[in-house]
Amino acid sequence: MERKKVTVLSLAARKRRREPITMLTAYDYTGALLVDAAGIDVILIGDSLGMVVMGLNTTIPVTMEEMLHHCRAVARGATYAHLVGDMPFLSYQADASEAVRNAGRFLKEGMVDSVKLEGGREMVETVRAIVAAGIPVMGHIGLTPQSVSKLGGFRTQGKTAAAARRLVDDALALEEAGCYAIVLEAVPGPVAAAISERLRIPTIGIGAGPSCDGQVLVYHDVLGLFDKLQPTFVKEYAQLRGPIVEAFTAYRDDVVAGRFPAEEHTFPMSADELAAFQQSL
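Residues numbered from 1 in each chain as written. Predicted model: local features only at pLDDT ≥ 70, side-chain atom pairs only at ≥ 80, totals over all residues. Heavy atoms only, no water.

Engineer: Would you mind showing me how to read the packing of helix α4 (residues 64-77) against helix α5 (residues 96-108) here?
Structural biologist: A pair of packed helices can be characterised by two numbers: the angle between their axes and the separation between those axes. For the pair α4 and α5, the least separation of the axes is 9 Å and the interaxial angle reads 25 degrees. Taken as axis vectors, α4 and α5 run roughly parallel relative to one another. Considering how the two elements wind past one another, α4 and α5 form a crossing that is right-handed. Seen from α4, the contacting residues are Met-64, Glu-65, Met-67, Leu-68 and Cys-71; seen from α5, they are Asn-102, Arg-105 and Phe-106. Taken together, the residues of the contact of α4 with α5 break down into five nonpolar, one polar and two charged. (Axes fitted to C-alpha atoms, helices over the stretch in contact; angles between N-to-C directions. Helix = DSSP H or I, 4+ residues; strand = E, 2+ residues; numbered from the N terminus. Parallel < 35°, antiparallel > 145°, perpendicular 65-115°, else oblique. Left-handed = near helix turned anticlockwise from the far one by under 90°. Contact = heavy atoms within 4.5 Å. Nonpolar A, V, L, I, M, F, W, Y, C, P; charged D, E, K, R; others polar.)

Engineer: So what exactly am I meant to see when it comes to the side chain of Asp-213 here?
Structural biologist: Structurally, Asp-213 can be placed in the loop between β7 (203-206) and β8 (214-217). A distance of 2.9 Å separates a polar atom in the side chain of Asp-213 from the backbone nitrogen of Thr-203. When sequence neighbours within four positions are dropped, the list of residues in contact with Asp-213 reads Lys-15, Glu-19, Pro-20, Ile-21, Ser-196, Ile-201, Pro-202 and Thr-203. (Polar contact = N/O pair within 3.5 Å; in protein donor to acceptor, adjacent residues only side chain to side chain.)

Engineer: Would you mind going over the pairing of β7 with me for this structure?
Structural biologist: Side chains on a regular strand alternate between the two faces of the sheet. Alternating residues of β7 divide into Thr-203 and Gly-205 and Ile-204 and Ile-206, and every residue in both groups is buried. Across four bridges, strand β6 (residues 181-185) lies against β7 in parallel orientation. Bridging across to β7, Leu-184 finds its partner in Gly-205. Regarding topology, helix α9 (residues 189-198) serves as the crossover connection from β6 to the parallel β7, and that connection is right-handed. The pairing of β7 with β8 spans two bridges and is classified as parallel. Counted as the bridge partner of Gly-205 is Gln-215 from β8. (Buried < 20%, exposed > 50% of the residue type's maximum accessible area, 1.4 Å probe, protein only. Pairing = 2+ DSSP bridges. Right-handed = clockwise from strand over helix to strand, strands pointing away.)

Engineer: What exactly am I supposed to notice about the sheet that holds strand β1 (residues 21-25) here?
Structural biologist: Backbone-to-backbone hydrogen bonds pair the strands of a sheet. The strands run either parallel or antiparallel. Ordered by their spatial adjacency, eight strands build a closed barrel running β1-β2-β3-β4-β5-β6-β7-β8, and the pairing between neighbours is parallel. Here the average twist between neighbouring strands, direction ignored, is 25 degrees. In the sheet, β1 pairs with β8 via four bridges, with the strands oriented parallel. Bridge pairing in β8 links Met-23 to Val-216.

Engineer: Quick question: what am I supposed to make of helix α2 (residues 29-37) here?
Structural biologist: For an α-helix, the turn length of 3.6 residues means that residues three or four places apart are oriented alike. Listed in full, the buried residues belonging to α2 are Gly-31, Ala-32, Val-35 and Asp-36. Buried residues in α2, looked at end-on, bunch into an arc of 125 degrees, giving them a common side. The exposed residues of α2 that point more than 90 degrees off its buried face are Leu-34 and Ala-37. If you follow the buried residues of α2, they end up packed against β1, β2 (42-45), α4 and α10 (219-222). Within two residues after α2, Gly-39 carries a phi angle of roughly 80 degrees, on the positive side. (Arc of directions from axis to C-beta.)

Engineer: Explain unusual backbone geometry here, please?
Structural biologist: For residues that are not glycine, phi is negative in most cases, and the peptide bond is trans in most cases. Note the cis peptide between Phe-260 and Pro-261, where omega equals 0 degrees. Topologically, Pro-261 is positioned in the loop between α11 (241-257) and α12 (271-280). In this structure, Arg-18 takes a positive phi of about 60 degrees despite not being glycine. Assignment of secondary structure puts Arg-18 in the loop between α1 (8-17) and β1. One non-glycine residue with positive phi stands out, namely Leu-90, at about 70 degrees.

Printed below as a string of structure tokens:
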């Protein structure tokens, strides 16, 4: 079957057909090539790059310019996946007009297909304004990393009946405001299942159980590259950190021992040109 570009409409169709949606993060050209080659439906250029690429403790310091830089790199490498740009902290919370302008920059300068923002009912008017400008919006509720200070850390959300009901109401409000999909992060499985059942739009889970319409993980977590923070809901599909360090170590040892570069790694000269060069010295 000929592979086609994934769109907001095709994601909605997958929800209706009960076909699971796959989503991974990527942050650069090479990563985008690899994720796209694997047939992943959606690539999120996440502000998680602040932690796994930039070495920050949270996503909060990540700027618009940093996000746009990485979005452009990913857009050059991905052909088929739907690209989602993660709006960083304070790029949309302060003012709806500013949120629209920044969301527009993601499409115009970052070359992505849609944007993602965090928050529930408090973000409804902002979502409406961005969608009214012709920009698709993915919501994000549950554990919202940009609000980690308010939440008291990276904690599971919706564990009480009242908190779970608030998440359901948030999801319904975001759908009504025009979101085309919603990420549910660190939410008990039964709560995510109830939300997914009630929404017409897809839900994408991360630590939210198997009942969501799709799943997302961080690129570095899937490959076992990042060991600074390891959420319990992550599954490592490869452990590449060790082999990569081993390869770098072998390279270092070869250079120190004079084994690299060898003759086959060196550009030769003809005997006549070499003799002429040496005579010129």
